[in-house]
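# Residue-level structure breakdown
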Amino acid sequence: MTKTRRIFIYILSFILPSFIFFTYFYFRKMDILTVDLGQQYIDFLAYFKTNFFHSPLKLIYSLSKGLGGSMIGTDAYYLNSPLNLILLLFPTGFLPQATLLLISLKIGLAGLTSYFLWQRKFQTTGKFFALAASLAYALSGYMLANNLNLMWLDSVILLPLLIYSLQKILKNQKNNHLLLITFLLWFTNFYTGYMALLFGFLYFISNLLGQKISSPFQKILIYFKKSVLATLLASFTLVPTVVELLQGKTNVDSQFNWNFQFMPWNIFTKFEIGSYSFTEMEKGFPNIFLTSTFLILAILYFTSQSFSKRQKFFQAGLLLFLLLSLSFNPLILLWHMGQFPVWYPGRFSFVLIFYLLDLGIQLLQRQHYFKVWQKILTDILLIALMVFWYISKNQFEFMSNFKFELSVLFLICVGLLITFYNYQWAKLFIFGLVGIEVTINLIFSLNEISYQNNFAYSNTTNNLTRAVNYLNQKDTSLFRIEKNFDRSENDSLSNNYYGIGHFNSISDSKTISFVRALGLKSNDNSFSNNYSTLVTDSILGIKYYLLPNSLHWRLPVQKQLNLTETYERLDLNQDPFLKNIDQIQIRKNPAALPLFFTINSNKKFSLKDGDPIYNQTNLLYQILGRQTYFYSALAFPKPILRNSKAWKNSWHVYSTVNKKFESSVSFTLIPSTNDPYYLELPSYVDKDSATLIINGKEIDTSDLGSGFKLINLTSRHKNHPIHITFDLKDNTLDLSTARLWTFDTQHYLQVMKQYLQKQPTIYQTLALSLKFNYYSVKNTTFASTLPYSKNWLIFDNGQRVTAKLWHNTFLSFNLAKGKHQITLIYIPYPFLIGSLISLMTLISIPVFRKHAKKRRSQ
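What counts, and where the lines are drawn
- Residues numbered from 1 in each chain as written.
- Predicted model: local features only at pLDDT ≥ 70, side-chain atom pairs only at ≥ 80, totals over all residues.
- Heavy atoms only, no water.
- Phe/Tyr/Trp six-rings, centres within 6.5 Å; stacked < 30°, edge-to-face > 60°.
- Helix = DSSP H or I, 4+ residues; strand = E, 2+ residues; numbered from the N terminus.
- Buried < 20%, exposed > 50% of the residue type's maximum accessible area, 1.4 Å probe, protein only.
- Pairing = 2+ DSSP bridges.
- Axes fitted to C-alpha atoms, helices over the stretch in contact; angles between N-to-C directions.
- Contact = heavy atoms within 4.5 Å.
- Polar contact = N/O pair within 3.5 Å; in protein donor to acceptor, adjacent residues only side chain to side chain.

## A look at the packing of aromatic side chains
Aromatic ring pairs are reported here in terms of the distance separating the ring centres and the angle at which the planes meet. As enumerated under the stated definition, the model contains 71 aromatic pairs in all. Look at Y61 and Y826: their rings are 4.4 Å apart centre to centre, the planes differ by 40°, and that puts the pair in the tilted class. Here the residue Y61 occupies a position in strand β1 (residues 61–62), and Y826 occupies one in strand β31 (residues 818–826), the gap between them amounting to 765 residues. In this pair, the class of Y61 matches that of Y826, namely buried.

## Structural notes on the sheet that holds strand β3 (residues 480–483)
Read across the open sheet, the four strands follow the order β3-β7-β10-β9; overall the sheet is mixed. Each end of this open sheet is capped by a strand with a single partner; those strands are β3 and β9 (577–581). Here the average twist between neighbouring strands, direction ignored, is 25°. Summarising the sheet, β3 and strand β7 (residues 542–548) pair through four bridges and their orientation is parallel. Its bridge partner lying in β7, R480 is registered against I542. Along the sheet, helix α20 (residues 454–474) contacts β3, β7, β9 and β10 (584–588); its crossing angle with β9, the most-contacted strand, is approximately 135°.

## Remarks on the side chain of D475
With respect to the helices, strands and loops of the structure, D475 is situated in the loop between α20 and β3. Owing to a relative accessible area of 11%, D475 belongs among the buried residues under this scheme. Here K543 takes part through its side chain, which lies 2.7 Å from a polar atom of the side chain of D475. Once residues lying within four places of it in the same chain are set aside, the contact partners of D475 are K543 and Y544.

## Some details on the pairing of strand β17 (residues 677–682)
With six of six residues buried, β17 lies mostly within the body of the structure. Side chains of β17 alternate between two faces, with Y677, L679 and L681 and Y678, E680 and P682 buried alike. In this sheet, strand β23 (residues 739–743) lies alongside β17 in antiparallel orientation, the contact comprising four bridges. Looking across to β23, one finds that Y678 is bridged to W741.

Structure below.
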């Protein structure tokens, strides 16, 4: 094969999968944003793009990350891929299209690196076998299911290079790549990098045991030496990430048990074409589609006499281990760093796909014809798979008759291929068959997923950015901004402001617990400002609010900012109007606390789970130093029952009379003041139990989370009736723990105005430093809503002050009487320690090499 032809096939291995993937989305108007990519990752990428040159220290610590927190673990999980630098070439408004290009490039690179590995087994036209395998790898079921998790794709790209390096060690060839590849796997994404490295270790050991290799202990020593050095070299990202992980995902279920998540044989349903759906994304089976051709070839590997029994024994052992890892809980925990995946099952399954393809390639390299008994066995396997699919197609929603018929057609083609196998023509036939099958599978799989319009992102980003820029020019102090709508919970990262909401796989569990206690919406790794009140706005320092204005509703949908989720915050009309900017109305909260404020009561109390009124009231008491009840409980009006009845001897528990007809429970409340009114609902009264309608408008109660939530019923609505209706979905509606509250706004604003006169104004001097001045007439305790970290150093007039915890979550400290100039500096100690280890390792590598070279020469 000429050099030009070899280069052409290399280019084809990159271009072909990229082109197939990109073309699919090109005909869907390049709308790539969906699920976490649209609600989480795009915002991290925007933050990276905005701050990489403009303010790189914000990639170490950010006040846009929820209430504030380290970004290093987030960088290590989401942003460290060198390929992300491509995004710097695109305007922010075109970030979705740039992300599509980025994912397409990663898919192409996966094809290129796998082709690089497998083409070495063939000469001349045999390289089309490798090209077919690389195409199956780059467009496998894993890649289609997880392309939106683009930070995981770097490990898919690097895995073939890792195996190439390990093969060189096994063959006793010079190897200078393992150190670099291991480092890149840790650096680009430590999570899937760990999975690739674990597989690499198992692959290395199984091949070491399965083949008669000279000096095995020497090879093991070389492997461990390079792996340890590479890990130490990556300490600058691994050390701070481990520290953050220990502080973060503690709420995720990781209870050890010996159960199977599903029966192992059900995984064979995932080899059918288009075996994917939104449900599968959330809680289905791992997606391991790799084409029927290579599935059969991988099985036939174990029938070939071209490999020793010892070799096949250890390869079979590794394959069985990988297959069991898909469903057996102890092994799932092993592959996923001790945590069960939340969404996206089988996140390590790219290594299984790679291994099956590698077995198929080994077979094609060694065996140029098939014996009659192998052909008969193939037919039996194909018929068994067809029967299994036929029996299963009514049991799983991702299967269908049409998909079944298409898949059977490809199985018949594989059967014909093996029956009439001719090595000379098989190369092109396999390549063509694989290319058609992966393309059809891509279309059927991705058609199961809905995608957001790109204009929803760009319109929202443009509007929010202009509003935020206006506020930053008008107000140079440190403040937080929130909205009564979300495009995502990470809007603050996309639009470079300090907010409340955050969605991150590496989250601070203490912060989540605190906002949950206030009654805000939260789960194990995210929280938002939904179900907030005037009190939570004050405590969390939300100085400005952004709301959609009347212009928004008059524009066509293609030009509107996106309101993926809206909050019922009618009480925001209590805040003074400031300005309209495009589709955004800006209001200022006159009662917002600064991020650091004085504590005027020594009262100690613990936050109660699920009791937002108690927690908000007592926090105010602690801050203000006076016991004032701004919330007042109201009695429920007499219910209006439609096809429902109240339980005897119970308090506000109702049930349906006739299940054939719709039933409801309604209340009519007439406000006696212009104050805000709130309905406190327990979490079990959600959309699945009843539809909540207020004055004819359905309220979203799809995610009340844990505890109780406060729903704003009205504000400035004196003497105007409020109609509250629950349309029952269950047979029973339990409102025994629900409450009605009113809030004394006038008194609250008077008290807060008096308190705020004595509070400091906080300034952010640099990305990692804050300052403020304060004169204290007595010994004073300062608290904050800045999450506590040992990395924050506090200086009072140049002297170090001891940092303390406030409510087990936030930073606080004491000040003596007198004049104070307070400076806070964030020093990322774990990052510095890790960087020192990395630097020492980098310096030591040439020394080790020089010593080894000298020893070999003696």
